[in-house]
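# Structural overview for review
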Amino acid sequence: MATHCPYCALQCGMILREEDDAVSVLPRQFPTNRGGLCQKGWTSAELLSHPQRLTSPLLRDPASGELRPASWDAALDRITTGIRDVQEKHGRDAVAVFGGGGLTNEKAYALGRFARVALGTRHIDYNGRFCMSSAAAAGMRAFGVDRGLPFPLSDLGRADTLLLVGANPAETMPPLMRWLTEQRERGGRLIVIDPRVTATARQADLHLQPLPGTDLAVANALLHIALTEGYVDGDYVATRTTGFTEVRRTVAGWWPARAEALSGVPVADLEETARALGTAGRAIILTARGAEQHAKGVDTVTGFVNLALALGLPGRPGSGYGCLTGQGNGQGGREHGQKADQLPGYRRIDDLEARAHVAQVWGVPADELPGPGVPAYQLLDSLGTDQGPRALLVFGSNPVVSAPRAARIEGRLRDLDLLVVTDFLLSETAALADVVLPTAQWAEEDGTMTNLEGRVLRRRALRPPPAGVRTDLSILTALSSRLRAPGRQPPDDPHTVFAELRRASAGGIADYAGISWDRIDAADGVYWPCPDDEGPDSPRLFTYRFATADGLARFHPVEHRPAAEEVCADYPLYFTTGRVLAQYQSGTQTRRVAALRRAAPEAFVELHPDLAERLGVADGEPVRVLSRRGEFQAPARLSPGIRPDTVFAPFHWGGRARANSVTNDAVDPISGMPEFKICAVRVEKA
Amino acid sequence: MTGHSERVVVVGNGMAGARVAAELHARGEDLKVTVLGAEPHPAYNRIMLSTLLTGKIGESDVELAEVAGRGVDLRTGVTVSAIERATGQVRTDDGDRIPYHHLVLATGSRAVVPALPGLDPEHLPERVIPFRTLDDCRRILALTGTARRALVLGGGLLGLEAARGLAIRGLDVGVVHRVPYLMDRQLDPAAGAVLAGTLAGLGVTTHLAVEPTAVHADAAGVRLELSDGRSLDADLLVLACGVRPDTALAAAAGLAVDRGVLVDDRLRTSDRRISAIGDCAQHDGTLTGLVAPAWAQARVVAQVVTGQDPLARYRPRPAVTRLKAAGIDLAAMGDPTGGPGEELTFADPARGTYAWLRIHDERLAAAILLGDNPSVGTVIQLFDRGHPVPTDRRALLLGRAVGGAVAAPAASPALMPDAATVCQCNTVSKGALVRCWRDGARTVDAMVAGTRAGTGCGGCRDAVAGIVDWLSRTDPVEVGR
Ligand SMILES: Cc1cc2nc3c(=O)[nH]c(=O)nc-3n(C[C@H](O)[C@H](O)[C@H](O)COP(=O)(O)OP(=O)(O)OC[C@H]3O[C@@H](n4cnc5c(N)ncnc54)[C@H](O)[C@@H]3O)c2cc1C
Ligand code: SF4
């Protein structure tokens, strides 16, 4: 059975085989992974029959306070009554939905519809806010569209210069490195901007190691140099963009020595980077979480988009700007109505025409659709408070581990009148729930995923879910009918849901109208927008025009600003978080796979040997990391590859080792992205 | 001065004046800000004039972001002729009177014209030009069209930038400097000598330890006479003999003035309704003459005047001097002449590289880095932030960025321990590969299929091939079954 990996946005092609009860995984030649898989992909089938898998709904027993197995009827009844009670007392918006970037397009779409129609609440958002929302907002305002890579991944292999900003694909998506190997074998240059010497940075021809939170200054200085050295493509700027003058004047204030003092990146390296980009035939700039997860994430990405535009890259064959999306369906998940301000097809929920179109597909009056809600962190932080929702339904997310300032969010979740979590394992968030619904895994359901290239792929069911387990779609349909949702009956089979999604997205920015499952099967996936059954899809965007009203890309002047929390005498070190190769996101899944647990058994705190010496800490000794918001504990891992003023920890673990206990909940004013990548901490011997 | 001032007048639209207008605007939308600038141009980046001189960029490239028209009233080409403190007004040379609640002086500094026979500061000859303003730059550029030889008087930072810019334009450039080594305020003699060598390679001749004694200029050229009896001929002479704060306005208004206008930590002059910032201000005995402190001061004034942070105070940070000129990479900070602490040096004059550091109390007290010093960014940050220096000092003199240690090349398979990870993506150890071989795998593909090594990023396939090769040579003899 040909399908794709359940985890990250690379969506590596794989083959699943059922032998007796066991399922084996084999890599498959697909244009993205070219036969590669990382250890997460190889071991992904282990969870299908994991002993801890949930196979029955769980209800919290009021007397003992414990979660106890219950029937589906009892569980769904409890949810329906809970929702009714809360909405009667506090209004429709008192129920909220929290989704995930791992859900298929069908499920993300159905979830958005369920929230707006069955619950009638404006409160729906998802964990993609914590992932690539800053790049999404920056792409939207510059290009009029947000598609992670506006070109096929294979373009990376042919770039003369490739600049990665805050991206560590060698650990987060190893098979992608095959393209980078090809790129360098062809004589291309790889430049990496990262505060740590990551596995990716080690392979770079040039590594810029800025202080965390100063990428925007680096971007502005690179454009300053591009201007002074004559790398700016004047014709392109004149004919394909607007707004350059203000940007030019802003970056005039970012002479390289100023950025150097702020970031620690030598002027010579800035010059070398600008030259490599400015003189390359084909140049690509990619950002990822390192640049994006900041309270100035949108502006930081915009700084690099400005640079790409000034050099005339977007739309030039083999060149461009892109974002490396993280979650499996991070791309599709943000297009079909899971986001607080969006309707399917990447439409805005406050756009009257969009509302009319989607309402007609759903069979409800347009004016009954709720308005925009609030971004993820704001939503989570309001739960159980006087102003906030009192009931929450979570699908495909584990905010107790993944949200910033997680202890506070955990408290908010505890304050709810009703918390419902669907998952196939008892995640840290599910453990707090009043009702837990067991749901199908990736190999047990059909559907589509949209990978980091904007390519829509087919996920195929190898076998039905085990007894007692239902799919998210059937759960949503069952709840809809119990809640007597208005409008047309929502379908529960994914193929019909996709047909409805196509109609709902028709005419939108992310137009799926011309994409059918058959077409995907026939052609290694289909790139959106694809408005017609017969017409072509769109592997490359921007060749002739941008998706703005006048077809021109927009420059936006952006200024560096300090992090929301800078270091001080009490909290003298910068703290930054990220991922490791053998774990995925909040770790609910990967921490339960034996081979992955062996490879990455526990959390750690990475520190420079000089810092460790000053703290009197030896390698492997437990340390406590404290911020104004909380603390966590993990063994020290000494590494000369990190700046002595910075410490790093992966965020995959919960409990005492939860890195997000200390992270800052300051958010980007445009995208709502929390500042995961920098806060001030103190490190102590535990 | 705490609390809200409705009408703020800024004198000077240079680096500091334009910045304080922007900072005020960003904090107090309802504030009325008037900027009066003597220069006829909208705000521009003065430090980019050196780049403008090279001809690589045009005038529009040095423009700075404008706040004019967004609640800020900018009047260019208007000189303030007097401050009437009693009535709270300024008088301009076009006869206007403008009232202020708060006044910010950002009059900057002027190029010093040395007292030499043949140089009248008020009427400089056409071919003798200071290097301070955009108009100066235009005049220099107008002459470079036909000029072949240029002289620069002054071997400090500014003079060298000018010299390098003119050399890039293809002129023959000579620099005349009084002291026996260049940039004597920032460098030590050894660094100065290396720098002179670098400049020579770039087409700039230096004449050291000589004083000019007279200038003769006419429509055809300039002749500079020197104290050693020589005289140098050129088509133009650029004056880079330092700057003097422009304090005339403040002094005439009766404000306390020393070398600059005296200010306290809030940048207040002796009149609390008047602040001074940038090159014209003297804080704690110091004239700054650089942009970074001017902008820090602008921020403090805006915070205090708008009431956003009445307690904001200017805290000077140690200055870092950076020479910006193609082919020269120079950073200098702290006092080069001496002081307590350990000193480290590295010199490779043949390649134009020189590094000198003084460390005191585990902190960087001073440094000079010239040429290819990959650690320059780290050194500047450690100095600026006062953070402790690395235990291994070599990282500062020679290293890439701190910690940028390059991974050791893969050891030969024989020397690798069994536990060593060969494939990171799939955590496959050398031991696992050897076991796979013993189980019968004999080719790279078979090893890959058997262990999953090389199926992630593919980067370890060479290493796997190396292990297969090694095993096929050694196994029958050494490993056995
Ligand atoms: C070529 C060059 C390169 C430089 N490079 C660097 C560098 O790399 N790094 C660095 O930090 N510094 C550098 N400097 C120094 C830096 O430019 C100054 O420190 C900075 O400009 C000071 O800002 P300011 O606003 O105080 O003065 P200025 O920028 O000189 O502005 C003062 C303005 O006030 C106007 N003015 C004066 N009197 C009146 C009046 N009565 N009425 C109205 N307007 C008036 C003047 O015309 C002028 O426009 C360089 C300078 C030059 C010339
Ligand atoms: S790179 Fe991503 S998609 Fe590919 S196998 Fe690993 S986790 Fe799965």
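Counting restarts for each chain, with residues numbered from 1 along the sequence as it is written. Each chain takes a letter, starting from A, and each ligand takes a number, starting from 1, following the order in which they are written. Totals for whole chains, interfaces and linings use all residues, but because this is a predicted model, local features are given only for residues with pLDDT of at least 70 and pairs of side-chain atoms are given and counted only at 80 or more. Only heavy atoms go into the side-chain values, all of them from the structure, while hydrogens and water stay out.

Identification of chain B as FAD/NAD(P)-binding oxidoreductase from Micromonospora andamanensis is taken from an unreviewed UniProt entry. As stated in UniProt under Pathway (unreviewed entry), the record for chain B gives "Nitrogen metabolism; nitrate reduction (assimilation)." Here chain B is described in UniProt, under the heading Sequence similarities (unreviewed entry), as follows: "Belongs to the nitrite and sulfite reductase 4Fe-4S domain family." UniProt positions are given in the numbering used here, feature names are shortened, and annotations may be inferred rather than shown by experiment.

Looking at an unreviewed UniProt entry, chain A carries the name Molybdopterin oxidoreductase, with the source organism given as Micromonospora andamanensis.

## Some remarks on the overall build of chain B
When helices and strands are counted, chain B shows twelve helices and 28 strands. Each radius of gyration is computed over the set of C-alpha atoms, and the globule rule expresses the reference value as 2.2 Å times the number of residues to the power 0.38. The C-alpha atoms of chain B give 30 Å as radius of gyration, which overshoots the globular expectation for 481 residues (23 Å, by more than 25%). Overall, chain B is about 105 × 60 × 45 Å in size when its C-alpha atoms are taken along their principal axes. Taking all 481 residues of chain B together, 54% fall into the buried category. Once local pairs closer than 6 in sequence are excluded, the contacts in chain B between residues at least 24 apart make up 59%. Put simply, DSSP marks the helices as runs of H or I at least four residues long and the strands as runs of E at least two long, and each gets a number from the N terminus on. In this scheme, a residue with accessible area under 20% of its type's maximum is buried, one over 50% is exposed, and one in between is partly exposed, where area comes from a 1.4 Å probe on protein chains only. Should any heavy atoms of two residues lie within 4.5 Å, those residues are counted as being in contact.

## Examining the UniProt feature "domain: BFD-like [2Fe-2S]-binding" (unreviewed entry) in chain B
Following the UniProt record, the feature "domain: BFD-like [2Fe-2S]-binding" (unreviewed entry) maps to residues 422–469 of chain B here. Helix makes up 54% of residues 422–469 of chain B and strand 8%, with an end-to-end C-alpha separation of 15 Å.

## Topic: the interface of chain B and chain A
In this assembly, 46 residues from chain B lie in contact with 51 residues from chain A. Using a 1.4 Å probe, buried area is obtained as the accessible area two parts lose upon being combined, added over both of them. For the pair chain B and chain A, the summed buried area comes to about 3700 Å², and 51% of that belongs to carbon and sulfur atoms. It is Gln381(B), Arg452(B) and Cys457(B) in chain B that bury the most area against chain A; as a group they hold 14% of the surface buried on that side. Here, a salt bridge means any side-chain nitrogen of Lys or Arg that lies within 4 Å of a carboxyl oxygen of Asp or Glu. In this structure, the connection of chain B to chain A is made through four salt bridges. As a salt-bridge pair, Glu260(A) and Arg322(B) come within 2.4 Å of each other at their nearest N and O atoms. As used in this structure description, the phrase polar contact means that two N or O atoms lie within 3.5 Å; if the pair is within protein, one of them must be able to donate a hydrogen and the other to accept it, and residues adjacent in sequence are counted only when both atoms belong to side chains. There are 20 residue pairs in polar contact (both at pLDDT 80 or more) connecting chain B and chain A.

## Quick word on the pairing of strand β14 (residues 222–226) of chain B
Residue and element names in this part refer to chain B. With burial as the criterion, only one face of β14 is covered, namely that bearing Val222, Leu224 and Leu226; the residues Arg223 and Glu225 on the opposite face remain uncovered. Only when DSSP finds a minimum of two bridges between them are two strands counted as paired. Two strands pair when backbone bridges link them, and strand β13 (residues 212–217) and β14 are joined in this way by five bridges, in the antiparallel orientation. Bridge pairing in β14 places Val215 opposite Leu224. The antiparallel hairpin formed by β13 and β14 contains four residues in its connecting segment. Judged from the four bridges that link them, β14 and strand β15 (residues 231–234) form a sheet pairing that is antiparallel. Residue Val222 lies in a different strand from β15, and its bridge partner there is Ala234. In this structure, the hairpin formed by β14 and β15 is closed by a connection of four residues, where Gly229 is found at a positive phi of approximately 95°.

## Observations regarding the UniProt feature "domain: 4Fe-4S Mo/W bis-MGD-type" (unreviewed entry) in chain A
According to UniProt, the feature "domain: 4Fe-4S Mo/W bis-MGD-type" (unreviewed entry) maps to residues 1–50 of chain A in the numbering used here. Structurally, residues 1–50 of chain A comprises 8% helix and 32% strand, and the distance from its first C-alpha atom to its last is 21 Å.

## Quick notes on the environment of Ile168(B)
Residues and elements named next belong to chain B. You can see Ile168 is positioned in helix α4 (residues 157–168). Judged by its relative accessible area of 31%, Ile168 falls in the partly exposed class. For the pair Ile168 and Lys56, spaced 112 residues apart in sequence, the C-alpha separation works out to 9.3 Å.

## Here we look at the domain arrangement of chain A
Note on interface size: it is often stated as the accessible area lost on association of the parts. Residues and elements named next belong to chain A. Taken domain by domain, chain A comprises domain 1 (2–49), domain 2 (58–130 + 330–442 + 466–505), domain 3 (133–324) and domain 4 (573–685). Reported domain spans reflect what an automatic or database domain assignment gives. Taking only C-alpha atoms, the centre of domain 2 and the centre of domain 3 are 36 Å apart. The interface of domain 2 with domain 3 comprises seven residues on the first partner and seven residues on the second. In total, about 550 Å² of surface goes out of reach between domain 2 and domain 3, with carbon and sulfur atoms giving 38% of it. When the buried surface of domain 2 facing domain 3 is broken down by residue, Gln331, Arg334 and Tyr346 rank first, second and third, together holding 60% of it.

## Some details on the sheet that holds strand β6 (residues 97–99) of chain B
Residues and elements named next belong to chain B. If you trace the three strands from one edge of the open sheet to the other, you get β4-β5-β6, paired in antiparallel fashion. This sheet does not close on itself; its edge strands, each paired only once, are β4 (80–84) and β6. Taking each pair of neighbouring strands and ignoring which way they run, the sheet shows an average axis angle of 25°. The pairing of β4 with strand β5 (residues 89–92) spans four bridges and is classified as antiparallel. Following the sheet pairing, Ile83 is matched in β5 by Val90. Every angle, taken between N-to-C directions, lies between 0 and 180 degrees, and every axis is a line fitted to C-alpha atoms, over only the stretch in contact when it is a helix.

## Side note on the packing of aromatic side chains
Residues and elements named next belong to chain A. Whether two aromatic rings pair depends on their centres lying within 6.5 Å, for rings of Phe, Tyr and Trp, where Trp uses its six-membered ring; planes under 30 degrees apart make the pair stacked, over 60 edge-to-face, and the rest tilted. This model, assessed by the stated rule, comprises twelve aromatic pairs over all chains. Centre to centre, the rings of Phe575 and Phe632 are 5.7 Å apart; their planes meet at 50°, and the pair counts as tilted. Placement of Phe575 in strand β23 (residues 573–578) and of Phe632 in strand β26 (residues 630–638) is noted, with a sequence separation of 57 residues between them. Each member of the pair Phe575 and Phe632 is classed as buried. Put simply, the rings of Phe143, Tyr321, Phe542 and Phe546 touch in pairs and so form one group of aromatic residues. Taking NZ or CZ as reference, Arg34 lies 3.6 Å from the ring centre of Trp179, over its face. In this scheme, the term charge over a ring applies when either NZ of a lysine or CZ of an arginine sits within 6 Å of the ring centre and within 35 degrees of the ring normal. The residue whose ring lies beneath Arg196 is Phe648, and the NZ or CZ to ring-centre distance is 3.5 Å.

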